[in-house]
Amino acid sequence: MLRKEHNDLLTKTGPGTPGGRLFRSYWLPALLAEELPENEGPPVRVKLLSERLLAFRDTQGRYGLIDEFCAHRGVSLWFGRNEESGLRCPYHGWKYDYTGQCVEVPSEPEESGFCTKIKLKSYPLVERGGVLWTYMGPPDQEPPLPEWEFALVPPGHSFVSKRLQESNWLQAMEGGIDSSHVSFLHRGELSSDPLFKGAKGNQYNLRDSRPVFEVVESPGGLYVGARRNAENGHYYWRITQWVMPSFTMIPPRGGHPVHGHFWIPIDDENSWTWSFDYHPVRPLAPDEVEAMREGRGIHVKYQPGTFRPLANKDNDYLIDRAAQKAGRTFSGVAGIAMQDASLQESMGPIVDRTKENLVSTDNGIIMARHRLLRAIKNLMERDVAPPGVDILHQRVRSAALILPPDQAFKDAGKDALSVRPGVAHASV
Amino acid sequence: MRSESTRASSAAESRYRIDAPNFRPRTVKVVALDRPSEVLAARLEQDHWDGAMFLTASAFSARPPVGASFSVQAWLSDLSGRTRHLLEEIAGADQVVMIACAGQSVPAAGIIGEACSLKRVATTALIIGGDAASDAALSRTLAQLRPWALMLVVAGSDAYVADMLRALRA
Ligand code: FES
Ligand SMILES: [Fe+2]
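First things first, this report covers the structure right here in the doc. (Residues numbered from 1 in each chain as written. Chains lettered and ligands numbered in written order. Predicted model: local features only at pLDDT ≥ 70, side-chain atom pairs only at ≥ 80, totals over all residues. Heavy atoms only, no water.)

**A word on the overall build of chain B**
Within chain B one finds 7 helices and 6 strands. In sequence order, chain B lays out its α and β elements as α-β-α-β-α-β-α-β-α-β-α-β-α. Taking all 170 residues of chain B together, the buried fraction comes to 46%. If you take every contact in chain B between residues at least 6 apart in sequence, the share linking residues at least 24 apart comes to 77%. Entry remark: accessible area of chain B is about 8,400 Å², with carbon and sulfur atoms responsible for 53%. (Helix = DSSP H or I, 4+ residues; strand = E, 2+ residues; numbered from the N terminus. Buried < 20%, exposed > 50% of the residue type's maximum accessible area, 1.4 Å probe, protein only. Contact = heavy atoms within 4.5 Å. Areas by Shrake-Rupley, 256 points an atom, 1.4 Å probe, with all protein chains shown as cover.)

Written out as structure tokens, the structure is:
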């Protein structure tokens, strides 16, 4: 259960809200670089944190992320002409550069300098690891560029996708740290998905469907450890990382690429689920990339020409009751990503957390809310930068480990839980 | 043929979620395992709770059992000092939450844990002050709690305890 005031604080991220200020402390993934593939290409409408923006790439290849609407009479600049280092409104010809600065107002004499008085709000937009990142907070508090490992590995080592999630960001993110659902909802995929199957660790998973959990605060967020019995009295640990506000990394399986997510609010009722796969020490194999493109693992198949999943709420996620009955899938929905998204969207755009009945295994979720609320309070009352802004908090890894029974995993697994350049993830 | 009168949720559809209670009160017994946790429990007890009850087993760590004459009934008490019968307390609980501070020795955890598994009551263990404690100190407390908890939480600050109990409707 969460009080309504707290639910509002965490779920509302528009301008001027405390939750919005939290998100505006970070570099956030805004678009895939492939959405702006060429100089002077068509601009892309971007809604982020309930702000309507327009992304474009100018003649020199500079990325701009500016207010979507022309300062003159409010036309959407999505109709604009991307030409000669700027975006020109097709209505009366006002032109803006990549910083939102108006550089031409054709109706006014050039010498009047009128255009210098017009500037659209803009945010920096920077490419890193195939993702265009933006920072929407106060310019004087702009943090260093993000250092998530997946965005720093050589090209070819990573695959990043995004999908529209028709729900608030928080209920989606909470699914990412809710380790206790895996034994139910996704039980079929461990042995069938090409990006999961074959790992030794899977046997521990399948043998022991009632793991014991340990939730441990980390500098940037949480470690969520799930423990199962292994040989000789040792434990098989799967340790998920959550870094504030909404980054998660799922523990690896065998030599497969490791994966994780970001959940980024579009507005209060929609979000982007970003999904990445990478391998720190080798390029992804062609068949792996092929599987990811096909929507296997944590990725999805799309409605052609969109980032909306092919299985969506308008077609009841293509639920297959026969597969559900036969146990081929637990919920009847195919694929890990849509198994999660279908259920999270079914809660309604913003779930009413006053009606929940949480239990002990929900402590990961309870702790994440606790830390987010604490961070919002510290930010609002004392201007304290929230956890996760510091690049040290970003240099983390998930891990799958076999450990002796009496050691704290954050101690025994210390090396495994942070980035070690040139070394693969600790995995079983 | 489809006969459903509502489809997957929209904000408008969400308004029709039935607004009736979907739970009955649960009894959560919170047991402080050491002196510092007992101080915390005493502070929490002052708040209003729905079904939380605060107990302490800190006497156990202060006074280790001597030989066979030790009685397991003698050391569990409520915060006003009244002795409580362990098995009766546990049997009446939906959930037992054990609280320890990192670095403390918590020998009572094993006995309470055993009683919980006997009575099939879910146990949660909270270790407070995990940030500040050394790894060795944390591991010591952890090792005593780990075998008995279905869920173990290492929290940096004691503010988490109240938040967790509220989340569980305690
Ligand atoms: S069983 Fe968890 S939401 Fe229904
Ligand atoms: Fe899931």
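**Points about the overall build of chain A**
The helix and strand tally for chain A stands at 13 helices and 19 strands. By the compact-globule yardstick of 22 Å for 428 residues, chain A fits well, its C-alpha radius of gyration being 23 Å. Projected onto the principal axes, the alpha-carbon positions of chain A cover approximately 85 × 45 × 45 Å. Contacts in chain A between residues at least 24 apart in sequence constitute 60% of all its contacts with a sequence separation of at least 6. (Rg over C-alpha atoms; globule rule 2.2 N^0.38 Å.)

**Brief notes about the interface of chain A and chain B**
Chain A puts 41 residues into the contact, and the matching count from chain B is 41 residues. Interface of chain A and chain B: buried area, both sides summed, is about 3,300 Å²; carbon and sulfur atoms make up 45% of it. Connecting chain A to chain B are 3 salt bridges. As a salt-bridge pair, aspartate 19 of chain B and lysine 355 of chain A come within 3.7 Å of each other at their nearest N and O atoms. Here chain A is connected to chain B by 22 residue pairs in polar contact (both at pLDDT 80 or more). Secondary structure elements with two or more residues in the side of chain A that touches chain B: strand E13 (212-217), strand E15 (235-243), helix H10 (336-346), helix H11 (363-382) and helix H13 (409-412) of chain A. It is E13 of chain A that provides the largest number of residues to the side of chain A that touches chain B, a total of 6 residues. Partitioned by chemical class, the residues of the side of chain A that touches chain B number 16 nonpolar, 9 polar and 16 charged. Sheet analysis places E13 of chain A next to strand E6 (residues 151-155) of chain B, joined by 4 bridges and oriented parallel. From the neighbouring strand, valine 216 of chain A faces E6 of chain B, where its bridge partner is valine 154 of chain B. (Buried area = accessible area lost by both parts, 1.4 Å probe. Salt bridge = Lys/Arg side-chain N within 4 Å of Asp/Glu carboxyl O. Polar contact = N/O pair within 3.5 Å; in protein donor to acceptor, adjacent residues only side chain to side chain. Nonpolar A, V, L, I, M, F, W, Y, C, P; charged D, E, K, R; others polar. Pairing = 2+ DSSP bridges.)

**Digging into the coordination of the iron ion (ligand 2)**
By definition of the ideal shapes, four donors in a tetrahedron about a metal sit 109.5 degrees apart, and six donors in an octahedron sit 90 or 180 degrees apart. All names here are of chain A. Distances from the iron ion (ligand 2) to its protein donors, namely His181 (NE2), His186 (NE2), Asp340 (OD) and Asp340 (OD), fall within the range 2.0 to 2.3 Å. Seen from the iron ion (ligand 2), its 4 donor atoms lie at angles of 59 to 149°, and the figure they make is irregular. Sequence spacing of the donors to the iron ion (ligand 2): H-x4-H-x153-D. With a gap of 154 residues between them, histidine 186 in the loop between helix H5 (182-185) and helix H6 (189-192) and aspartate 340 in helix H10 connect regions that are remote in the sequence. Pair check on accessibility: histidine 186 and aspartate 340 agree, each one buried. (Donors = N, O, S within 2.8 Å, 3.2 Å for Na, K, Ca; no water. Tetrahedral: all angles 85-135°; square planar, octahedral: opposite > 155°, others 65-115°.)

**A word on the sheet that holds strand E3 (residues 51-57) of chain A**
All names here are of chain A. Taking strand neighbours across the sheet as the criterion, the 4 strands line up as E2-E3-E4-E9 in an open arrangement whose pairing is antiparallel. The open sheet has two free edges, formed respectively by strand E2 (44-48) and strand E9 (122-123), since each of these has just one partner strand. Of the strand pairs in this sheet, strand E4 (residues 63-67) and E9 are connected by 2 bridges, and their pairing is antiparallel. Directly across from isoleucine 66, in E9, lies its bridge partner serine 122.

**Focus on helix H2 (residues 35-45) of chain B**
Within H2 of chain B the residues assigned to the buried category are Ser37, Glu38, Leu40, Ala41 and Leu44 of chain B. Taken end-on, H2 of chain B shows its buried residues confined to a sector of 160°, consistent with a single buried face. (Arc of directions from axis to C-beta.)

**Considerations on unusual backbone geometry**
Glycine aside, residues mostly have negative phi angles, and peptide bonds mostly take the trans form. Residue proline 245 of chain A is reached from methionine 244 of chain A by a cis peptide bond, and omega for that bond is 0°. When you line up the elements, proline 245 of chain A lands in the loop between E15 and strand E16 (247-249). Positive phi, normally seen in glycine, also occurs at glutamate 84 of chain A, with a value near 40°. Considering the arrangement of structural elements, one finds glutamate 84 of chain A in the loop between strand E5 (81-82) and strand E6 (87-88). At arginine 120 of chain B, a position not held by glycine, the phi torsion is positive, near 55°. Mapped onto the elements, arginine 120 of chain B comes out in the loop between helix H5 (108-119) and strand E5 (122-128). When its relative accessible area of 73% is taken as the criterion, arginine 120 of chain B is described as exposed.

**Details of the pattern of salt bridges**
Residues and elements named next belong to chain B. Tallying each qualifying case throughout the model produces 35 salt bridges over all chains. Measuring nitrogen to oxygen at the nearest pair gives 3.8 Å for the salt bridge that ties arginine 166 to aspartate 47. Placement of arginine 166 in helix H7 (residues 159-167) and of aspartate 47 in the loop between H2 and strand E2 (52-56) is noted, with a sequence separation of 119 residues between them. Across the pair arginine 84 and aspartate 78 runs a salt bridge, and its minimum N-O distance is 3.1 Å. Overall, arginine 84 belongs to the partly exposed group, its relative accessible area being 23%. When salt bridges that share partners are traced, they join Lys29, Asp78, Arg82, Arg84 and Glu89 into one network.

**Section: helix H8 (residues 286-293) of chain A**
Residue and element names in this part refer to chain A. Looking only at H8, the buried set comprises Glu288, Ala291 and Met292. Along the axis of H8, the buried positions cluster into a sector of 100°, meaning they face one direction only. Opposite the packed face of H8, turned more than 90 degrees from it, sit the exposed residues Pro286, Asp287 and Arg293. Looking one or two residues beyond H8, the residue adopting positive phi is glycine 295, at roughly 90°.

**A few points about the nonpolar core**
Grouped together as the largest cluster of nonpolar side chains are 93 residues, with contacts concentrated most on Leu31, Leu125, Phe150, Phe247 and Leu372 of chain A together with Leu165 of chain B. The element best represented in this core is H11 of chain A, accounting for 9 residues. Among all residues touching leucine 165 of chain B, those that are not within four sequence positions of it are Val28, Val30, Trp49, Phe54, Val97 and Ala170 of chain B. (Core = buried A, V, L, I, M, F, W, Y, C linked by side-chain atoms within 4.5 Å.)

**Some details on the pairing of strand E10 (residues 125-128) of chain A**
Residue and element names in this part refer to chain A. As defined by bridge partners, E10 adjoins strand E11 (residues 131-135) across 4 bridges and the pair is classed as antiparallel. Across the sheet, the residue bridging to leucine 125 is threonine 134, located in E11. Taking the residues that link successive antiparallel strands as the turn, the E10-E11 hairpin has 2 residues, and the phi of glycine 129 there is positive, at about 65°.

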